[in-house]
Amino acid sequence: MDYLPLGQLGARETSPGVISFGILLPGVDPAQGYAVSVKIIHENDQYLQAVPPVVIAQAHSVDPTYGDCWSGQINLSQSTPGTNASSFGKPGLYVYRYVIHSPTRGDIDYIIDPFARESGVGELSAIRIGGQPYTFSTTETSWKTPALKDVILYELMISEFANNIDGTIALLPYLADLGVNCIEIMPVSNVESTIDWGYDPIGYFSLAPRFGKMTDFQQLVDVAHQNGIAVIVDSVYGHTADDFPYAQLYNTLAGDLANPFIGPFALPSNQKYGQSTCFAKKLTQDFFFSVNRYWMETFHVDGFRFDDVPEYWDGSTGQGYANLVYSTYQFIKSKAGTTDHFQRFFDAAGVINLIQIAEYLPAPPDILNGSYSTGTWQDGTLGAAAACASGASGAIETLGLQLGLNGYPESVTANGETLPKTALQYIENHDHKRFICNFGVLPVDKAPADIAQDVLLQTGDRNGKWFKVQPYMIVLLTAKGTPMLSAGQEFCEDYYVPDSGYGRVMLFRPVRWNYFYDGIGQSIVKLVRKLTRIRLGGAEFRGGSHYFYNDYDRFNSKGLLAFSRQSGSAFSLVVVNFTDQTQATSFVFPVGGSYVEKLEGQQNLANVAQNSEQPISVPSNYGCIWSNS
């Protein structure tokens, strides 16, 4: 994959007050009767009748790789919309759109710029004039992206987590104190709607204006790094919204021109949303590679979570996903030895810690074995935990095995390069109801009993069943793999999310920070803080072996789940109790020594002989962690 000539594309202030435009529109040829212009207006004027936009005709040229290209410029000081009331020519944000004249369809208006670096309201592109570029702190040349096996991940949506970027920045010290060292931010690229999860993008190089401006997100990443927190962004590349410019324009042309970007790709059954991107096309391949590179260069992000990978997975040697993550890795590899901010990806041994996480749910191990992904989402643990919460037969065994990530590679060697691999462990994420809902839901709607309750408004039984989430939090944060928390999970957020329907996406679910302060929230937060410190402080939890004790008589029949983590001589036993009564059992410790119970410190075991059987007791709806280090 190749990097697009972004220095010639999009809207750029090429000299003070001079805006240059550039857009690739393959097939849009003046010899066939096409013409292109730009309409631009100051954001202060966009709703005023008396102030029309300025129209700038664009000139045609041919790019040797991508075909028809249109470009032009405007000197703001020499242009006027014809009224003294206008802000035109002044510093600030200017919004613009393209108008394409078709010989058969007439003027096609409201085409946004696919290369815009900023966005306006709805379907408008933007450029900021007279603003100051963000200057990253000097610590950016010493910050190191952590290895994924060492990460404690936290998924958040900026608007629901803290309203905006400023609010999110203010909470970064809290996340660091919680033990989080990486945040996975749900899509921040531009979408049309104000309330939206962000999985129908219309622009990829620009931050959605509902979150802030470019420099705001740069500051978010900078401050996150200063707090020891890596930042990865959720990226939607397998499909676009209907109003993405290469979809909207060429669909409107209704077959007059071949679409250079959109079209069927991979298995038709995998194309479930929006407009399918076609990675068989050169422009599509290079576009998304350029998006990755741009976000790493401009915003200093540490990697990506790739949404719905089956939409553009065509095998380990294909043109789609595997090609993208390989090309992104090779770009970072080319930065070896650098002293600028790209040094963040290289550890002391030269290992590249670029985070590339796939959401490939049909067969998560396959994506690790067959691509340069270093991590993958997998719903196996979430499903096994939900089954365990429902009391399903054999669920403890299924969950115990899943916590050990049986069948997942720890590293893969290809092309002479060995990449570490891992899978994410989670019991909550944006796609699913909060885990507390597995123990029962409560209606919120106060309508009469004979009127059906709105399932979108129901919540988990937090007050009555909160304690039942504790053993699941314990195993989540001590199991093999990379643990992920969903925003608010650390104090038992209790929203219900249905499995289908627009209500999943279009309902605003702000994190209820008042939960942090009640007794329930304080209990769960206290537990999470203990667990993150145990994990970060023990090599056996971050990268050691995992062994599930599938012993029906000693553990499973009593509602207990037990596993060990070991790295060298460091040995830890984790036992959780899913029942409402304290359970007594015993365990044969394969490693001798004195053991400290890390959670409550009330069952310490001194001078345990190797292979000796020791009686242990596990509190109800809780657990114990015995460690010899």
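Just above, that's the structure.
This text gives an overview of the structure that appears in the document. (Residues numbered from 1 in each chain as written. Predicted model: local features only at pLDDT ≥ 70, side-chain atom pairs only at ≥ 80, totals over all residues. Heavy atoms only, no water.)

**Some points on helix α4 (residues 214–226)**
Then comes step 1: Relative to the 18 Å expected for 13 residues at 1.5 Å per residue, α4 spans 19 Å between its end C-alpha atoms, a close match to the ideal helical length.
Then comes step 2: α4 sits mainly inside the fold: 11 of its 13 residues count as buried.
Then comes step 3: Those residues of α4 that sit buried are Met214, Thr215, Asp216, Phe217, Gln218, Leu220, Val221, Asp222, Val223, Ala224 and His225. (Helix = DSSP H or I, 4+ residues; strand = E, 2+ residues; numbered from the N terminus. Expected span 1.5 Å × (residues − 1). Buried < 20%, exposed > 50% of the residue type's maximum accessible area, 1.4 Å probe, protein only.)

**Digging into the sheet that holds strand β16 (residues 303–306)**
Then comes step 1: Within the closed barrel, the eight strands sit side by side as β11-β12-β13-β16-β17-β18-β21-β24. Their pairing is parallel.
Then comes step 2: In this sheet, strand β24 (residues 482–486) lies alongside strand β11 (residues 153–156) in parallel orientation, the contact comprising three bridges. Looking at the pairing, glutamate 155 lines up with serine 486 of β24.
Then comes step 3: Running at roughly 140° to strand β13 (residues 230–235), α4 makes contact with β12 (182–185) and β13 of the sheet. (Pairing = 2+ DSSP bridges. Contact = heavy atoms within 4.5 Å. Axes fitted to C-alpha atoms, helices over the stretch in contact; angles between N-to-C directions.)

**Comments concerning the sheet that holds strand β1 (residues 10–15)**
Then comes step 1: Spatial strand order, β1-β2-β6-β5: four strands in an open sheet with antiparallel pairing. Pairing within the sheet leaves two strands with one partner each, and these edge strands are β1 and β5 (59–63). With direction set aside, neighbouring strand axes in the sheet form an average angle of 30°.

**A short note on the pairing of strand β2 (residues 18–24)**
Then comes step 1: Burial of β2 is extensive: seven of the seven residues sit out of reach of the surface.
Then comes step 2: Burial along β2 is two-sided: Val18, Ser20, Gly22 and Leu24 and Ile19, Phe21 and Ile23, pointing in opposite directions, are all buried.
Then comes step 3: Bridge analysis of β1 against β2 gives five bridges, and the strand direction is antiparallel. Across the sheet, glycine 10 pairs through a bridge with glycine 22, a residue of β2.
Then comes step 4: From the end of β1 to the start of β2, which pair antiparallel, there are two residues, and glycine 17 there has a positive phi angle of about 80°.
Then comes step 5: Alignment of β2 against strand β6 (residues 67–75), held across seven bridges, turns out to be antiparallel. Bridge pairing in β6 links serine 20 to glutamine 73.

**Quick word on the side chain of asparagine 181**
Then comes step 1: Mapping asparagine 181 onto the fold places it in the loop between α3 (172–178) and β12.
Then comes step 2: Given the relative accessible area of 12%, asparagine 181 is considered buried.

**Focus on the pairing of β6**
Then comes step 1: Both β5 and β6 contribute to a ladder of five bridges, which runs antiparallel. Pairing of valine 62 across the sheet is with aspartate 68, part of β6.
Then comes step 2: What sits between the antiparallel neighbours β5 and β6 is a turn of three residues.

**Description of the environment of glutamate 118**
Then comes step 1: Structurally, the position occupied by glutamate 118 is in strand β9 (residues 118–119).
Then comes step 2: On the accessibility criterion, glutamate 118 (12% relative accessible area) is buried.
Then comes step 3: On a C-alpha basis, the gap between glutamate 118 and proline 471 in space is 45 Å, while along the polypeptide they are 353 residues apart.
Then comes step 4: Ignoring anything within four residues of it in the chain, the contact list for glutamate 118 reads Leu93, Ser125, Ala126, Arg128, Ser206, Lys213 and Met214.
Then comes step 5: One polar contact links glutamate 118 to arginine 128, side chain to side chain, over a distance of 3.2 Å. (Polar contact = N/O pair within 3.5 Å; in protein donor to acceptor, adjacent residues only side chain to side chain.)

**A short note on the packing of aromatic side chains**
Two aromatic rings, taken as a pair, are described by how far apart their centres are and by the angle between their planes.
Then comes step 1: Evaluation of the coordinates by the stated rule reveals 57 aromatic pairs.
Then comes step 2: With centroids separated by 5.4 Å and ring planes inclined at 65°, the aromatic side chains of phenylalanine 161 and tryptophan 513 adopt a geometry described as edge-to-face. Placement of phenylalanine 161 in helix α1 (residues 158–162) and of tryptophan 513 in the loop between α13 (503–506) and α14 (519–537) is noted, with a sequence separation of 352 residues between them.
Then comes step 3: Consider the rings of phenylalanine 571 and tyrosine 595, whose centres lie 6.4 Å apart with planes at 90°: the pair is edge-to-face. You can see phenylalanine 571 sitting in strand β27 (residues 570–577) and its partner tyrosine 595 sitting in strand β29 (residues 593–597), a full 24 residues away along the chain. Judged on exposure class, the residue phenylalanine 571 and its partner tyrosine 595 are both buried.
Then comes step 4: Taking the ring centre of tryptophan 377 as reference, the NZ or CZ of arginine 305 above it sits at 4.0 Å. (Phe/Tyr/Trp six-rings, centres within 6.5 Å; stacked < 30°, edge-to-face > 60°. Lys NZ or Arg CZ within 6 Å of the ring centre and 35° of its normal.)

**Overview of the packing of helix α6 (residues 282–298) against helix α7 (residues 321–333)**
Then comes step 1: Running from N to C, α6 and α7 cross one another at 40°; their axes reach a closest spacing of 10 Å. As far as their axial angle goes, α7 and α6 are oblique. Where α6 crosses over α7, the handedness of that crossing is right-handed. Contacts between α6 and α7 involve Gln285, Phe288, Phe289, Asn292, Arg293, Met296 and Glu297 on the former and, on the latter, Asn323, Leu324, Ser327, Thr328, Phe331 and Ile332.
Then comes step 2: By residue class, the composition of the contact of α6 with α7 is six nonpolar, five polar and two charged. (Parallel < 35°, antiparallel > 145°, perpendicular 65-115°, else oblique. Left-handed = near helix turned anticlockwise from the far one by under 90°. Nonpolar A, V, L, I, M, F, W, Y, C, P; charged D, E, K, R; others polar.)

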